[in-house]
Amino acid sequence: MEYNFNEIERKWRKYWADHKTFAAEDNSAKPKYYVLDMFPYPSGAGLHVGHPLGYIASDIYARYKRLRGYNVLHPMGYDSFGLPAEQYAIQTGLHPKITTSINIDGCLDENGEIKQEFVNPDGTIKDEALIVKSEHVRITDPNYQDNIIKGYRNQLDKIGFSFDWDREVRTSSPEYYKWTQWIFKQIFNSWYNVKTDKAESIDSLIAEFEKNGNAEVKAVSEFANTFTAQEWKNYSEKEQSDILMEYRLAYLADSWVNWCPALGTVLANDEVINGLSERGGHPVEQKLMRQWSMRIKAYAERLLTGLETVDWTDAIKDMQRNWIGKSVGASVNFPLWRGNEGEDAFDSAQAPDHSIEVFTTRPDTIFGVSFMVLAPEHPLVDEITTAEYKDAIEAYKTAASLKSERDRQADVKNITGQFTGAYAIHPFSGEKIPVWIGDYVLASYGTGAVMAVPCGDQRDWDFATHFNIPIKNIFENVDISEGAYSEKEGTIANSDFLSGLPIKKAMAVAIAKIEEQGLGKGKTNYRLRDAIFSRQRYWGEPFPVYYKNEIPYLVDDAHLPVELPEVDKYLPTEDGEPPLARAEKSAWKYSEGDRMEYNTMPGWAGSSFYFLRYMDPHNENEFVSKEKADYWNQVDLYIGGSEHATGHLLYSRFWCKFLYDRGYISFDEPFKKMINQGMILGTSALVYVLKVEFLKSINNSKDWKLESGLEIVIPESIALKIKNSEFKSDDYKYLIDNLNKVEISESFNSKKFDLEQYVIDQESIRKENLRSSHINVSLINSSNEYLIEELVSWSTIMFEDMVFVPNTFGKYTVHNEVEKMSKSKFNVQTPDELVEKFGADTLRMYEMFLGPLEQTKPWDTKGINGVHNFLRKLWRLFYSEGNVIVTNEPAGKESLKTLHKTIKKVEEDLERFSFNTNVSNLMICVNELTEQKCHSKEVLEQLVILLAPYAPHAAEELWSEALGNPAGTVSTAAFPKFDPEMLVEANTVYPVSFNGKMRFNAELPTAFSAKEVEDAVLAMPEAQKWLEGKAPKKVIVVPGKIVNMVV
RNA sequence: GCGGAUGUGGUGAAAUUGGUAGACACGCUAGACUUAGGAUCUAGUGCCGAGAGGUGUGCGGGUUCGAGUCCCUCCAUCCGCACCA
């Protein structure tokens, strides 16, 4: 039997599917283990080799846990709502659900032929079936299959994952989003009780309002008014609804949102990167809109402390801590000075009726305050600005509002601000403090106002220095003439009751005094903002909400799911309403009230609880039964990318805590352990393109006339010279000479260029005219060369009109760059072709063999042969010339030692997720057994089990065919038991070193004591050679390990 | 600026607690074999040196009998956050 991997793998994939080998049991005497992958968004481009990396690791671990006797839940599904399907829908009118199903299920039938429904009558393949749309492919093209969407499921299946496919979920299916809507309803119907520190039913709040009003209520809410029970009862329904909205955990509010005009939607903070949308890179602006939000701020502290209980990397934990951004300090009120201009003394008759509340993390520096700064958007600005400064303030505000968030951030170095003419009163010293506005103060953080302490904060220092505001030094023996002192070590001075106190003590004393005098209170602030939950898009979950008289109401559970209505177009309406506003009332399967909610939920809604739905995916009455949630409990191992650190991973923790508070599940952290797989980078191929101007000689004279430009592809060496401004006349000559040698393409000639009459304008050979352009990596050979004809036919539009200059060896080569794999960089490697060539088992092992899972690593197929050859070598332990050569004879001592050494290492390495070293453990084992000519069933059977998680198809085949076991059972066989006795040796080889340098090995009886080892080694002639006859100063013997002599 | 991670042969990497640095593979060199196969087998491969030997884990220092591993200073690369009071 040959190692015919294609056939073997097909056979076992079918076997597993037919026998549901990997179905998880909901009730089992076995201990449970939940291994989860971050489910993918199914894009038409399909999987590249980077995607399955994490899936392979989790699959190996899941298979390992099954061998260890666990009942393993290892599901897979699709995060199938999202932008690309919708954007394709906008362009083509094709319903996103069709695109989505194509991307998942693909366009090929069981025999690998294209399904008829995707072929036009004229033999061309429909656009929606193609990876690159609008590239006309005919079914008669020999390689037409390379261009059509194979579907995630097909691609995943070929890699041999042990998913329990009966539990698949798709967030865009109504059966699934019914529960997304249901959970939204629960969040809407909850408030956060600070007294119990958890979410509670809104009914308990209403009951309290009816009984006592809101005086005693301590909730996470911005609502500042108080009302009595009687007042509550007298409120209209609308008023009651509005008040409750201030308490609900899912609420409607006018909020400043990240509005992306190009996408026509609102984005969450984590979807905005440097002022541009994460998807598409479009500009994002701030806009005030009525939006659904989630009161995630209520959970800020618990999201922070919960991190202590999970086994995640510090990198991710720190990102979340950073994002939550807790800072402890105090809020302090600075009364406004209401005296007349020119009056210095505080006049109690003109008592201040306003004060400015600031948040500070440094209450100890309060006596260092020499001015205050408000954000330009601060609501008090207009009120306090004096007549004299009105115009200047208006001008500054306008300028600030015109600056986008991005500009404001980019412009950190520029210090700007404007005095308002108003003063505040220092709460302790009574001094007059000028009030400024400045855009370094953010309206959205803290109170939007700061007390400026230039001696202790660099930004305040810069501001004070720039505007010549006095700087008061309140630190003992610290020089602040060159900059602020922001350390938290030292002693406070010039500060009344704080003078002489160490900084840390002074903080506590200052807060106590502030509270005692009623000037403010100790306070903790979080950078985390409530999460906007509305999107103005079609392809998302509809809200289970309708409006009657502008009051939002929830749709009754009996009518869930509220299904997406059909619309004529997937664009906003002319009035700027979201696409759902296009739906006629009749288009809604269910509608009520004046209108339904037109927004849809964001992408993170469906992904925030999918790990719970897998536990009970077909339950029609609950999103998960309590019983099953209790059984499966937390995800034991979660594998996925770190790019979700502040998105999905934060939101799902939030929902999990919420569901825990409301009693639906009994754990409040979803993912017990998480591993973040590193990115696999692709090798890109780039050519340098130089845009040059040509000069034309007029009538063959010395007069030159500038002609239109031309792009030439130049060799890297020349490009680098241009880049570094080292381009010399020799290089120019080289270009000209070689340009003339080039066989000018037809199109070039068609422009009637006659090179004899043209010269390149040297002026145009500049860095600015040089760019590099990605070309498809499949166009280059192993020496990085490409053929011009192939390049031009690959992208006619780009390269048709170009002239190519070879390098000094006459070759056309590309420049390599290692970067993220992406369609636009043409450096994508798909797993399919590798599976075809080497088999899934080889691909699985090779991806693991590349390096540590967490590490970013470049993809390189060169090494794949090594892994493939390993499997072939393994095969030869079982088969020779087509015959099984496994024997029942007992194995030799050496072979047993090899086996048990391997069992130990495989187990240890799997437990610490060191998949790469485990591949080499298996290689070493096979190398040794081959050398030992071991064909003993006793050993090989155990080896096959060790191998099964990595190369499951090959393992199954060897298990049943070569070893004669019943089919399929290697997946549920028992993991071999390590026997330490097998490794015991009579002798131990001691490396003997002198002054720490290893010189020779000494083989000595294992039973020797340290003293015996020392004596034996000293007696050796080699030792005497290194000691040069002298006695060693000291001898260190670590029994079983090493001998070191100090000379 | 803050936080995190990483730095080891020509390449991917290994060395789990301080104990023979470079396992395992790729590549390369030389050879063998053959039904020419992305085959198999043998030997070699950090660097310098003919050899003895010397030297070597980003740089510099320290602790230790012994440091890739622990401590300090610095450098480089990558990732995240960034006027957060």
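Look up: the structure comes first, before these words.
The shown structure was predicted, so the numbers you read here are calculated from the model rather than taken from an experiment. All residue numbers refer to position in the chain's written sequence, counted from 1. Written order decides the labels, with chains lettered from A and ligands numbered from 1. Predicted model: local features are reported for residues with pLDDT of at least 70 only, side-chain atom pairs are reported and counted for 80 or more only, and whole-chain, interface and lining totals are derived from all residues. In computing side-chain properties, one takes all heavy atoms of the structure into account and sets aside hydrogens as well as water.

Enquirer: What is the right way to look at the pattern of salt bridges in this model?
Expert: Salt bridge, as used here: a side-chain nitrogen of Lys or Arg that lies within 4 Å of a carboxyl oxygen of Asp or Glu. Applying the stated criterion across every chain, the model contains 44 salt bridges. A salt bridge links K11 to E957; the shortest N-O distance between them is 3.0 Å. Here K11, found in helix α1 (residues 5-19), pairs with E957, found in helix α32 (residues 952-962); they are 946 residues apart in sequence, far enough to count as distant. Given the relative accessible area of 3%, E957 is considered buried. Close ionic contact of D242 with K238 constitutes a salt bridge, the shortest N to O distance being 3.1 Å. Helix and strand assignments follow DSSP, with helices taken as H or I runs no shorter than four residues and strands as E runs no shorter than two, numbered in order from the N terminus. Only protein chains enter the accessibility calculation, which uses a 1.4 Å probe. A residue is then buried if its area is under 20% of the maximum for its type, exposed if over 50%, and partly exposed in between.

Enquirer: Just to check I follow, could you spell out the side chain of E956 for this structure?
Expert: With respect to the helices, strands and loops of the structure, E956 is situated in helix α32. Charge assignment: positive for Lys and Arg, negative for Asp and Glu; neither His nor the chain ends contribute. For the buried E956, no salt bridge is present, and the opposite-charge side chain at shortest range is R63, 5.5 Å distant. Those residues in contact with E956 that lie beyond four places of it in its chain are W12, W16, G968, T969, V970 and S971. Should any heavy atoms of two residues lie within 4.5 Å, those residues are considered in contact.

Enquirer: What should I look at first to understand the sheet that holds strand β18 (residues 545-548) in this one?
Expert: Pairing between strands is defined by DSSP: at least two bridges between them are needed. The sheet built from three strands is open, its strands ordered β19-β18-β20 with antiparallel pairing. Of all strands in the sheet, those with a lone pairing partner are β19 (551-554) and β20 (595-596), marking the two edges. Across two bridges, β18 lies against β20 in antiparallel orientation. Of the residues in β20, the one forming a bridge with Y546 is M596.

Enquirer: I would appreciate a short explanation of the sheet that holds strand β9 (residues 285-294) in the present structure.
Expert: Hydrogen bonding along the main chain pairs the strands of a sheet, whether they run parallel or antiparallel. Here we have four strands laid out as an open sheet, ordered β6-β5-β9-β17, and antiparallel in their pairing. Strands at the two margins of the open sheet, each flanked by one partner only, are β6 (265-267) and β17 (531-532). Sheet topology places β9 next to β17; two bridges connect them, and they run antiparallel. Bridge pairing links M294 to A531 in β17.

Enquirer: How should I be thinking about unusual backbone geometry in this particular structure?
Expert: Keep in mind that most residues, glycine aside, have a negative phi and that most peptide bonds are trans. In this model, L560 is joined to P561 through a cis peptide bond whose omega is 0°. For N477, which is not glycine, the phi torsion reads 55° and is therefore positive. The class for N477 is exposed, based on a relative accessible area of 76%. Here D496, not a glycine, exhibits a phi torsion of approximately 50°, which is positive. Its place among the elements puts D496 in the loop between α15 (458-466) and α16 (503-516).

Enquirer: How should the protein's contact with RNA strand B be read in this particular structure?
Expert: Here a residue is near a molecule or strand as soon as one of its heavy atoms is found within 4 Å of it. For RNA strand B, the set of nearby residues contains 55 residues, the closest of which are T361, R459, K837, L850 and N865. Of all atoms in RNA strand B that approach within 4 Å of the protein, 61% are sugar or phosphate atoms. In the model, a phosphate oxygen of RNA strand B is placed 3.3 Å from a nitrogen or oxygen of the R527 side chain. A distance of 2.8 Å separates a phosphate oxygen of RNA strand B from a polar side-chain atom of N916. Asp, Glu, Lys and Arg are counted as charged, while Ala, Val, Leu, Ile, Met, Phe, Trp, Tyr, Cys and Pro are counted as nonpolar; the rest, among them Gly, fall into the polar class. Looking at the surface near RNA strand B residue by residue, the classes come out as 20 nonpolar, 16 polar and 19 charged. In the analysis that follows, any N or O atom pair within 3.5 Å is treated as a polar contact, provided that within protein one partner can donate a hydrogen and the other can accept it, and provided that, for residues neighboring in sequence, both atoms belong to side chains.

Enquirer: Explain a nonpolar patch on the surface here, please?
Expert: Think of a patch as exposed residues, more than 30% relative accessible area, with no salt bridge, where like charges cluster within 9 Å and nonpolar side chains (Val, Leu, Ile, Met, Phe, Trp, Tyr) cluster within 5 Å. Here the Shrake-Rupley method, with its probe set to 1.4 Å, supplies the accessible areas, and only the displayed protein chains count as covering residues. Together, I1036, V1038 and I1042 line one region of the surface with nonpolar side chains, adding up to about 190 Å² of accessible area. Mapped onto the secondary structure, I1036 falls in strand β34 (residues 1034-1038).

Enquirer: What's the story with the environment of D164 in this structure? I'm lost.
Expert: By the secondary structure assignment, D164 is in the loop between α5 (152-157) and α6 (174-188). Residue classification places D164 among the buried residues on the basis of a relative accessible area of 5%. Between the C-alpha atoms of D164 and D530, which are 366 residues apart in sequence, the distance is 36 Å. For D164, the contacting residues outside a window of four places in its chain are F22, A23, A24, H74 and P75. Polar side-chain contacts of D164 include one of 2.9 Å to the side chain of R167.

Enquirer: Explanation requested: the packing of aromatic side chains in the structure shown.
Expert: Two measures describe an aromatic ring pair: the distance that separates the ring centres and the angle between the ring planes. Stacked, edge-to-face and tilted are the three classes for Phe, Tyr and Trp ring pairs, Trp counted by its six-membered ring, which pair at centre distances within 6.5 Å; planes under 30 degrees apart are stacked, over 60 edge-to-face, the rest tilted. Tallied over the full model, the rule gives 72 aromatic pairs. A ring pair is formed by W292 and F543, whose centres lie 5.6 Å apart and whose planes are at 20°; its orientation type is stacked. Taken as a pair, W292 in strand β9 and F543 in the loop between β17 and β18 lie far apart in primary sequence, 251 residues in all. Like W292, the residue F543 is buried in the burial classification. A ring is considered to have a charge above it if a Lys NZ or an Arg CZ atom is located within 6 Å of its centre and within 35 degrees of its normal. If you follow R63 out to its NZ or CZ, it ends over the ring of W16, 4.7 Å from the centre.

Enquirer: Honestly, the nonpolar core in this entry has me stumped. Any pointers?
Expert: It is characteristic of soluble globular proteins that their nonpolar side chains tend to be buried jointly. In this structure, F184 and F878 are the most contacted members of the largest nonpolar core, which totals 182 residues. If one sorts the elements of this core by residue count, helix α2 (residues 52-67) sits on top with nine residues. Leave out the neighbours within four places in its chain, and F878 touches N883, V884, I885, V886, L940, V944, L958, A962 and L963. In these notes, a set of buried Ala, Val, Leu, Ile, Met, Phe, Trp, Tyr and Cys residues joined through side-chain atoms within 4.5 Å is what counts as a nonpolar core. Grouped together as the second largest cluster of nonpolar side chains are 41 residues, I366, L374, I384 and V478 included.

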